[in-house]
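Tertiary structure, described
So the chains spell out like this:
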Amino acid sequence: MVRLLPALRTSAVLAASSVSSASAFTAPFGAPRRSNLSMMRASPSTIKIGIFGGGTVGGGIVDILSRKSAYFTDLTGHKLEVSKICVRDASKDRDFDLPEGCAVTESYSDILEDDDIDMVVEVMGGTTDARDVVYSALRAGKDVVTANKALIAKHLSEIEGVLEEVNDGKSPSEETEFRYEAAVCGGIPIIRSLQSDFVGDDINLISGIINGCTNFMLTAMDRDGKSYDEALSEASDLGYAEADPTLDVGGFDARSKLRILMRLAYGVEVDEEDIPCRGITDLTKVDFEYAKMLGGTIKLLGVTEKTPEGKVTAFVSPCYVTGDDSLSNVNGATNAVEIISSNLQSSTYIGQGAGRFPTANSCVNDIIALAKSDSTPRPFNPPQDLNVVNSYDSVFFLRLKYRDALGITRECGEVCEKHGVSIHSILQNPVTKRDDAAFVIMTEKVPVTAIKAVCAELEGLDWCRGPAYYMPVLREDWVR
């Protein structure tokens, strides 16, 4: 039987549905007790860890820590002990072996109020209970490791505020820390790289395949000729897509990750809702046929750029990518991030963006860094005075379905001229089915507002069948 404190009784389950209020967590832990970094130095023999979440990632963390226990002790000078795991249902069988002496509980307070626990790992997901757990742990002086990109993207400023609050007046060796390498691109060490490897550099552009589910689907549509529905069904069967895939296929998961990367790269604060976001639901086989005709493919990308005028632009969208581009051959559920910078020029990071062990590996790396007292006093990098605009310029791929009529090319030219859109080329495959009749216009570089205006006007013409579809071209110099 698990006994709960009165203030926490309504918050005993792991899911977000059970929190009654943030105060139920923050009140008992309102004042910092002690930093676990200073405590570790005082008692170097054992570092006790409490994990919130005993599912896929939580089990992977336990497995890695157990499997490499002796090595980690030699590496850090400390024994790393998973003391408690908080789960939704403590009676449920686990698919990993519990460490000796590890307690499984349904009570948040069993970890948050345990002064012997030095570090909290949050892999429960969500943005309600997880928020309260993270804030309460930090206020209790416990270092926090998380894989929760949705929480960070939504509450980044608040997290910074809590860290400033709990570390006010402390020396660097006493500060409580917050680590989140696994929150973006799973096993790819992109967070730490942006925190440390570009401090003497200026980042001009980040473009990335930062959602494994959609990249798997687009690979199936491109390489195997599958429809959107067929690709989604296969992704679901293999566990890449959730029961409700909206966050993935709508581009929203990628947008959360891009928001975090923007802060690290440019020091800018931006509301997720202000980042233009389009998913893959409107892509068709016809789009991939024309992409192949052009010698490239289509990828869902998160892109952010610092313009010469000092503005920061960003978007999530399917993009046409040339066949010789570094991102074009990143297939399946793999993630990739390319950083264009002044000193290093082009740096590309490729790896598994999700899954039990890739994500757990990044969490464990954060745990080891904390055990070694590797300090990261500013987990989100300092803010900069840059203006974020919710528009961008690009070359565009514009696909139009049509019914036979005279003057289609002329009308397209007139509408594009009216809105200041210069046409680079017009492509048309042989028509084998009238219902699939479509052609593609490739533009020169123009503002997205101009291409939207062109689409809106063309859709009103008699020969245009259904919505016009546009997507950016990743590189301005796409013609070789």
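This text gives an overview of the structure that appears in the document. (Residues numbered from 1 in each chain as written. Predicted model: local features only at pLDDT ≥ 70, side-chain atom pairs only at ≥ 80, totals over all residues. Heavy atoms only, no water.)

**Digging into the sheet that holds strand E1 (residues 46–52)**
Taken in spatial order, the six strands of this open sheet run E3-E2-E1-E4-E5-E6, and their pairing is parallel. Each edge of the open sheet carries a strand with a single partner, namely strand E3 (103–105) and strand E6 (178–179). Where E1 meets strand E2 (residues 79–86), seven bridges bridge the pair, whose relative direction is parallel. The partner of Ile49 across the bridge, within E2, is Val82. (Pairing = 2+ DSSP bridges. Helix = DSSP H or I, 4+ residues; strand = E, 2+ residues; numbered from the N terminus.)

**Digging into the pairing of strand E9 (residues 311–322)**
Most of E9 is tucked away, with 11 of its 12 residues classed as buried. Bridging between strand E8 (residues 296–306) and E9 involves 11 bridges; their strand directions are antiparallel. When the bridges of E9 are listed, Thr297 appears paired with Val321. Between the end of E8 and the start of E9, which pair antiparallel, lie four residues, with Gly310 showing a positive phi angle near 85 degrees. (Buried < 20%, exposed > 50% of the residue type's maximum accessible area, 1.4 Å probe, protein only.)

**Side note on the packing of helix H6 (residues 129–139) against helix H7 (residues 149–167)**
H7 packs onto H6 with a crossing angle of 20 degrees between their chain directions and a minimal axis gap of 10 Å. Overall, the two elements H6 and H7 adopt an arrangement that is roughly parallel. When the axes of H6 and H7 are compared, the crossing they make is right-handed. Mapping the contact onto sequence places Ala130, Arg131, Val134, Tyr135, Leu138 and Arg139 in H6 and Leu151, His155, Glu158, Ile159, Val162, Leu163, Glu165 and Val166 in H7. (Axes fitted to C-alpha atoms, helices over the stretch in contact; angles between N-to-C directions. Parallel < 35°, antiparallel > 145°, perpendicular 65-115°, else oblique. Left-handed = near helix turned anticlockwise from the far one by under 90°. Contact = heavy atoms within 4.5 Å.)

**Description of helix H12 (residues 252–266)**
Here H12 spans 21 Å end to end across 15 residues, near enough to the 21 Å set by a 1.5 Å rise per residue. Counting buried positions along H12 yields 14 of 15 residues, so the element is predominantly enclosed. Phi for Gly267, located one or two positions after H12, is positive at around 70 degrees. (Expected span 1.5 Å × (residues − 1).)

**A few points about the packing of aromatic side chains**
If you walk through the whole model with that rule in mind, you get 12 aromatic pairs. Judged by centre distance (4.1 Å) and plane angle (25 degrees), the ring pair of Phe315 and Tyr392 falls under stacked. Here the residue Phe315 occupies a position in strand E9, and Tyr392 occupies one in the loop between strand E12 (387–389) and strand E13 (393–401), the gap between them amounting to 77 residues. Pair check on accessibility: Phe315 and Tyr392 agree, each one buried. Judged by centre distance (5.9 Å) and plane angle (75 degrees), the ring pair of Phe396 and Tyr470 falls under edge-to-face. One end of the pair, Phe396, is in strand E13; the other, Tyr470, is in strand E17 (residues 469–473), and 74 residues separate them in sequence. Through a chain of ring-to-ring contacts, three or more aromatic side chains come together here, namely Phe315, Tyr392, Phe396 and Tyr470. Lying over the aromatic face of Tyr470, Arg278 brings its terminal NZ or CZ to 4.0 Å of the ring centre. (Phe/Tyr/Trp six-rings, centres within 6.5 Å; stacked < 30°, edge-to-face > 60°. Lys NZ or Arg CZ within 6 Å of the ring centre and 35° of its normal.)

**Topic: the pairing of strand E7 (residues 203–209)**
Counting buried positions along E7 gives six out of seven residues, so the element sits mostly inside the fold. Bridge count for E7 against strand E10 (residues 334–341) is six bridges, and the pairing is antiparallel. In the sheet register, Ile206 faces E10, and the bridge partner there is Ile339. Inspection of the sheet shows E7 paired to E8 by four bridges, in the antiparallel sense. Paired with Ile206 across the bridge in E8 is Thr304.

**Some remarks on the environment of Thr281**
Inspection of the secondary structure assignment puts Thr281 in the loop between H12 and helix H13 (285–294). Separated by 90 residues in sequence, Thr281 and Ala371 place their C-alpha atoms 44 Å apart.

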